[in-house]
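# Coordinate inspection notes
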Amino acid sequence: MRRASVGTSACCSAPLRTLRHFTTSAHCTPTHVPSKSSSPYSNLSLLQDSVQLKKLSAHIISFFSKLKPYLQRVWDWFVAFIKTKKGKWITGFTIALVGWWFCLQSQLFSDPTSTVILDRDGKLLGAKIAEDGQWRFPERTTVPFKFAQCLIQFEDRQFYKHPGVNPVAIFRAIKQNVSNNKVVSGGSTITMQEIRMSRKNPPRTIWQKSIEIVMATRMEATNSKEEILAMYASNAPFGSNVVGIDAAAWRFFGRSPEKLSWAESATLAVLPNAPS
């Protein structure tokens, strides 16, 4: 009987030693266990935050409740004002001004461009056609002097003087079209032509021309003349699937636009007017 009891105690002590060993090992990698004594303080903090939030909400509601009569008076005055003749004019002008300001998208041209490889001297080593099948080099930020002068002389001599639309050119185009009984002139400025290109050349109608005039004035309001020229030169069609002054210069003359002669620059300046 004693041996049996000793054996039983020995068998029972082994798991006990194992448990003690496990407990000792567990103490080697302590983990954070929140104590019961800290929970009342955390609950008290949450309660205080909740009370402060309720007070803040009550202050906000009280503020707007006091403000409501004044807002109602302002609204009643506005409704009465827009019913007057002067109010209708001012309201209409304000709506038109807001529409004019937001009529132009932030990026006019989003067409894919060709992959171009140049050496350190700017000489073209290779190029890959764009995804839409056009030779369209990345957009440039400046325009070569010779090309810019030829373009302005041929397309828009008052480019640096008008705000996007040239009324004299518009009236002259109307007179020519009426006398010839057909459309022979559009009276478009370079800015208006750029707007037309960005809209994928819609039908030539009076309505579309009016849209171009509005968008051209908006573009002139936030873009410099140099930026407008650069966008035009980068996206103008030069025949077949050649788009932009860079692709045209390399395609037709085998060198960069900056190295073109006056005659070559003049040739490219007239191409966008009749690219096909």
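Everything quoted here is computed from the prediction, not taken from an experiment. (Residues numbered from 1 in each chain as written. Predicted model: local features only at pLDDT ≥ 70, side-chain atom pairs only at ≥ 80, totals over all residues. Heavy atoms only, no water.)

## Notes on the overall build of the protein chain
- Summing up its helical and strand segments, the protein chain has 10 helices and 4 strands in all.
- Shown N-terminal to C-terminal, the secondary structure of the protein chain runs as helices and strands in the order α-α-α-β-β-β-α-α-α-α-α-β-α-α.
- Restricting the contact set of the protein chain to residue pairs at least 6 apart, pairs at least 24 apart contribute 58%.
- Surface accessibility of the protein chain: about 19600 Å² in total, with carbon and sulfur atoms responsible for 63%. (Helix = DSSP H or I, 4+ residues; strand = E, 2+ residues; numbered from the N terminus. Contact = heavy atoms within 4.5 Å. Areas by Shrake-Rupley, 256 points an atom, 1.4 Å probe, with all protein chains shown as cover.)

## Description of the nonpolar core
- Of all hydrophobic cores here, the largest spans 35 residues; its most connected members are Phe147, Phe238 and Leu268.
- Elements with a minimum of two residues in this core: helix H4 (145–155), helix H6 (190–198), helix H7 (206–222), helix H8 (225–235), helix H9 (245–253) and helix H10 (262–270). (Core = buried A, V, L, I, M, F, W, Y, C linked by side-chain atoms within 4.5 Å. Buried < 20%, exposed > 50% of the residue type's maximum accessible area, 1.4 Å probe, protein only.)

## Thoughts on H8
- Counting buried positions along H8 gives 9 out of 11 residues, so the element sits mostly inside the fold.
- Tucked inside the fold, the buried residues of H8 contact strand S3 (135–136), H4, H6, H7, strand S4 (242–243) and H9.

## What to know about the side chain of His162
- Inspection of the secondary structure puts His162 in the loop between H4 and helix H5 (167–180).
- Sequence-distant contacts of His162, defined by excluding residues within four places in its chain, comprise Asp156, Thr189, Thr191, Glu220 and Lys225.

## Things to note about the confidence of the model for the protein chain
- In the predicted model, the protein chain carries a mean pLDDT of 84, and the fraction of residues at 70 or more is 83%.
- When the criterion is pLDDT under 50, residues 1–31 qualifies, and its contacts beyond four places in sequence or with other chains add up to 0 contacts. (pLDDT = per-residue confidence, 0-100.)

## Quick word on the packing of H7 against H8
- Contact geometry of H7 with H8 gives a least axis separation of 8 Å together with a crossing angle of 125°. Comparing the axis directions of H7 and H8 gives the class oblique. Mapping the contact onto sequence places Met219, Glu220 and Thr222 in H7 and Lys225, Glu227, Ile228 and Met231 in H8.
- Grouping the amino acids of the contact of H7 with H8 by side-chain chemistry returns 3 nonpolar, 1 polar and 3 charged. (Axes fitted to C-alpha atoms, helices over the stretch in contact; angles between N-to-C directions. Parallel < 35°, antiparallel > 145°, perpendicular 65-115°, else oblique. Nonpolar A, V, L, I, M, F, W, Y, C, P; charged D, E, K, R; others polar.)

## What to know about the packing of aromatic side chains
- Going through the model one piece at a time under the given rule, you end up with 7 aromatic pairs.
- A centroid spacing of 6.1 Å and a plane angle of 55° characterise the contact between Trp100 and Trp101, whose relative ring orientation is tilted.
- Ring geometry for Phe159 versus Tyr160: centroids 5.2 Å apart, planes at 75°, classification edge-to-face.
- Accessibility expressed as a relative area gives 0% for Phe159, which makes it buried. (Phe/Tyr/Trp six-rings, centres within 6.5 Å; stacked < 30°, edge-to-face > 60°.)

## Brief notes about the pattern of salt bridges
- For the coordinates displayed, the defined rule picks out 8 salt bridges.
- Two residues, Glu220 and Lys225, come together in a salt bridge whose shortest N-O distance is 3.0 Å.
- On the accessibility criterion, Glu220 (14% relative accessible area) is buried.
- Assessed through its relative accessible area of 13%, Lys225 is described here as buried.
- The shortest N-O distance in the salt bridge between Arg255 and Glu264 comes to 2.3 Å.
- Overall, Glu264 belongs to the buried group, its relative accessible area being 15%.
- Among the ionic contacts, a cluster of salt bridges with common partners joins Arg140, Asp246 and Glu258. (Salt bridge = Lys/Arg side-chain N within 4 Å of Asp/Glu carboxyl O.)

## Section: the side chain of Thr191
- Among the structural elements, Thr191 can be located in helix H6.
- The buried category is assigned to Thr191, whose relative accessible area is 0%.
- Setting aside residues up to four positions removed in sequence, Thr191 forms contacts with Phe159, His162, Gly164, Ala216, Met219, Glu220 and Ile228.

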